[in-house]
Amino acid sequence: MNNELHLGHFTGCILPGDVYSRFLKLKGEDAIYVCGTDEYGTPTEVAAQKEGVTPQELTDKYYAKQNEVLKKFNVQFDIYSRTTTLDHTKQVHEFYNAWKHNNFIYRKEIEQLYCKHCDRFLPDRYVEGICPLCGAEGARGDQCDTCGKPLDPTDLKNPYCITCKNTPELRKTEHVFFELSKLEEQVLEWVENHEGLFQNSKNFALGFIKQGLNDKDMSRDLKWGVPIPDAPGQVFYVWFDAPIGYVTFTKQLGKLNWWQDKNTRLVHFIGKDNIPFHTIYFPAMLIARGDDYILPYKVASYEYLTFKGSKLSKSKGHMITLREAAELFPVDYWRYFIISSLPERADTDFTWEGFQERINNELNNDVGNLVQRALSLAKKYVNSTVPKPVTLTDNDKIVLKQIETSAQQVAELIYDIKLKEALQEVAKLARIGNQYIQIEEPWKNQERQKEIIFVSLNVVKALSILLEPFIPETAKKIQDYLNLKPQMYDNIADHLEPGHELNKEFEPLIKKIEDKDLPIKNEGQQQQGVKEKPGDANAKVKSAAVSTEVGKAAVAAVEYDDFAKLKFKVGTIKSAERIEGADKLFKLTVDVGEQNPRTLAAGIAEFYKPEELVGKQVIVLANLKPRTIRGIESQGMLLASETEDGKRVKFVTVHEEMPPGSKIR
């Protein structure tokens, strides 16, 4: 709560939760979507110091900004609250008193880092240093962003005070502890037997628990925070305060009883850096409270949306804010792109070119094109009314049946929180609609125009409902064109009434993104909206390197027609062996979907072992003229990425397995 929201926040938790919640309500489920700003903690106090304001002034400022931009992105919270309310303080104190009553709280003297220069104990975010686990520099006292592991300030190597940069010393102080170790078996059993955790959540949590759960220091020597009732001068560690916000916000909606109702299903949407807190600490806190509080039904945890391989991060000053994104392109473009690119199993690197391709090739060509064609046909041939079909052919019935099939498949996928696959299924229905019109050719087939237009309009109507959770503005626009009131999900298979009047005035649903629309500046090719931390030497080096490459590219620019001659295919490596007398070369056999596998020579022997390559999918330049290398005819070229120093090489591959021979476009 110390900066503007960026695309990483939106991707990791906010948008997936909004899609899921909208879908449930569209299905008529009794669902609420609660969220809010966790305003306490050292990050907020540190940020306030830098801006020269009080923490309250800072949180007031950013709460208003976040609320405004989330509404702009059509995020439909039932409540977007704050943890700095009196309601929340009371709720945290209720939990604390229950923990004490159930014997999960004790005090002990510990050694904590103390800065003599600043004359204060240093809470976690006031200390940085080298991560003891992965060796990354700049690790914070509460967590390492590089490996994602939670830390204590005293764990860090070469720690320093972030305010004065001096080395702190250890001093004794008394803190309040939550006896997490008592709950190890219960939490482990819940994680092991719970099918509602994304696999990355389960793997991380199991590995973390099996190292042994240590009791957690829940107090901080700060003024900014929820005060601990019986520990003057100390406040709760933010990760003991913030998750209770879900309970507070639910109570503010008058639905506190949901937390003790066994029919309630609690679903969390989080980024992977929050996995330990939502799969270990918060469940433990709920168990320790007693009172039969429910535990999470599902925890959907997403990997990072990255830019140039780096995590979008407000703390590192490297981000594309939602405000900037909304100024560049319509919000539904962002919503569509993010869900279609969700980092479910691995980090997804954002590129403007990838964004452009998703919008143009899918949202515009599939959805926008179908809507435009169906409405235009209706306007031209049936005066913008829904025609009454006389006789439906087998093909007509197949497409109408596909509407029901798609609706069922999309619902199942969303219930299972496979949002990316669900959106792909929606796009598939749009493609089927386009193919249907193309095959039936109503402009040539006057006798069947009514049937073709009737079927096409019903596919469009179905899309307007299926798309609502994902891109609500676009869905509403389609329903306005169809002259429909808001629909429920179960109305998808209901056909439009013959004689129903459509709006005669409509415009193209989606505007294609041209190259000139992309926010890439000529000088240094820096992306608009992407900020790099001032004074970061590495950032300067990256900028200089990019600028140099741009200069080279300008000299060696190629025409599109020349580039279009290159044919890329997905290949699967069937075998790999070293080439005698060539330290850097492998002989590979690669299946690219042809009758016989191809033989390729690849200079990657320094970076892979032969057994590591078998089964990997790679990208092959398939129409490269064969070339003999070390007596081997190499029938193509593999694409790979390489660091500037040449010390690291990795294959370019596909995010999900594809059939060998699939085209790259």
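Residues numbered from 1 in each chain as written. Predicted model: local features only at pLDDT ≥ 70, side-chain atom pairs only at ≥ 80, totals over all residues. Heavy atoms only, no water.

### Points about the nonpolar core
Counting residues in each nonpolar core, the largest one holds 98 residues, and the members touching the most others are Phe355, Leu457 and Tyr489. With 12 residues, helix 12 (residues 352–382) is the single largest residue contributor to this core. Those residues in contact with leucine 457 that sit more than four places away from it in its chain are Ala374, Leu375, Ala378, Val386, Pro387, Leu482, Leu496 and Leu502. Listed in part, the 49 residues of the second largest apolar core include Phe95, Trp99, Phe277 and Ala284. (Core = buried A, V, L, I, M, F, W, Y, C linked by side-chain atoms within 4.5 Å. Buried < 20%, exposed > 50% of the residue type's maximum accessible area, 1.4 Å probe, protein only. Helix = DSSP H or I, 4+ residues; strand = E, 2+ residues; numbered from the N terminus. Contact = heavy atoms within 4.5 Å.)

### Regarding helix 3 (residues 55–72)
In this model helix 3 runs 26 Å from its N-terminal to its C-terminal C-alpha over 18 residues, within 8% of the 26 Å that 1.5 Å per residue would give. Of the positions making up helix 3, those classed as buried are Pro55, Leu58, Thr59, Tyr62, Tyr63, Gln66, Asn67, Val69 and Leu70. On its buried face, helix 3 is in contact with helix 1 (7–26), strand 1 (34–37), helix 2 (42–51), strand 2 (79–82) and helix 10 (322–328). Where helix 3 terminates, the next one or two residues include asparagine 74, which has phi positive at roughly 60°. (Expected span 1.5 Å × (residues − 1).)

### Looking at the pattern of salt bridges
Inspection of the entire model under this criterion finds 39 salt bridges. Of the charged contacts in the structure, one is a salt bridge between glutamate 468 and arginine 22, with a shortest N-O distance of 2.6 Å. Of the two residues, glutamate 468 sits in the loop between helix 15 (449–466) and helix 16 (472–481) while arginine 22 sits in helix 1, which places them 446 residues apart along the sequence. By the burial criterion, glutamate 468 is buried, and arginine 22 matches it. Between arginine 140 and aspartate 142 there is a salt bridge, and its shortest N-O distance comes to 3.2 Å. In terms of burial, arginine 140 and aspartate 142 fall into one category: buried. Three or more residues are tied together by salt bridges with common partners; here these are Asp18, Arg22, Arg335 and Glu468. (Salt bridge = Lys/Arg side-chain N within 4 Å of Asp/Glu carboxyl O.)

### A closer look at helix 4 (residues 86–101)
With 16 residues, helix 4 should reach 22 Å at 1.5 Å per residue; the first-to-last C-alpha distance of 23 Å fits that figure. All buried positions along helix 4 are accounted for by His88, Thr89, Gln91, Val92, Phe95, Tyr96, Ala98 and Trp99. Asparagine 103 sits one or two positions beyond helix 4 and adopts a positive phi of about 65°.

### Some thoughts on the packing of aromatic side chains
Tallied over the full model, the rule gives 38 aromatic pairs. Ring geometry for phenylalanine 329 against phenylalanine 355: centres 5.2 Å apart, planes inclined by 50°, an arrangement best described as tilted. Here phenylalanine 355 lies in helix 12 and phenylalanine 329 lies in the loop between helix 10 and helix 11 (331–340), a separation of 26 residues in the sequence. Each member of the pair, phenylalanine 329 together with phenylalanine 355, is buried. For the pair phenylalanine 350 and phenylalanine 355, a centre-to-centre distance of 6.3 Å together with 50° between the ring planes defines the contact as tilted. Among the aromatic side chains, those forming a connected cluster through ring pairs are Phe95, Trp99, Phe104, Phe178, Tyr237, Phe240, Tyr246, Trp259, Phe282 and Tyr293. Looking at lysine 108, its charged tip hangs above the ring of phenylalanine 177, at a distance of 4.8 Å from the centre. (Phe/Tyr/Trp six-rings, centres within 6.5 Å; stacked < 30°, edge-to-face > 60°. Lys NZ or Arg CZ within 6 Å of the ring centre and 35° of its normal.)

### Brief notes about the pairing of strand 2
Side-chain alternation along strand 2 places Ile79 and Ser81 on one buried face and Tyr80 and Arg82 on a second face that is also buried. Sheet topology places strand 1 next to strand 2; 4 bridges connect them, and they run parallel. Its bridge partner lying in strand 2, glycine 36 is registered against serine 81. (Pairing = 2+ DSSP bridges.)

### A look at the packing of helix 15 against helix 16
One way to put it is that helix 15 packs onto helix 16 with a least axis distance of 8 Å and a crossing angle of 145°. Where helix 15 crosses over helix 16, the two elements pack in a sense that is left-handed. Facing helix 15, whose interface residues are Val460, Ser464 and Ile465, helix 16 presents Ala475, Ile478 and Gln479. Here the residues of the contact of helix 15 with helix 16 sort into 4 nonpolar, 2 polar and no charged. (Axes fitted to C-alpha atoms, helices over the stretch in contact; angles between N-to-C directions. Left-handed = near helix turned anticlockwise from the far one by under 90°. Nonpolar A, V, L, I, M, F, W, Y, C, P; charged D, E, K, R; others polar.)

### A few points about the sheet that holds strand 9 (residues 216–217)
In space, the 4 strands of this open sheet follow the order 4-3-8-9, with antiparallel pairing throughout. The open sheet is flanked by strand 4 (120–121) and strand 9, the only strands paired with a single partner. Pairing of strand 8 (residues 169–178) with strand 9, which is carried by 2 bridges, proceeds in the antiparallel orientation. Counted as the bridge partner of phenylalanine 177 is aspartate 217 from strand 9.

### Re the packing of helix 4 against helix 9 (residues 275–289)
The geometry of helix 4 relative to helix 9 is characterised by a closest axis approach of 8 Å and an angle of 65° between their N-to-C directions. By the angle between their axes, helix 4 is roughly perpendicular relative to helix 9. Along this stretch, helix 4 crosses helix 9, giving a crossing that reads as left-handed. Within the contact between the two elements, helix 4 uses Gln91, Glu94, Phe95, Ala98 and Trp99 and helix 9 uses Met285, Leu286, Ala288 and Arg289. For the contact of helix 4 with helix 9, the residue count by class is 6 nonpolar, 1 polar and 2 charged. (Parallel < 35°, antiparallel > 145°, perpendicular 65-115°, else oblique.)

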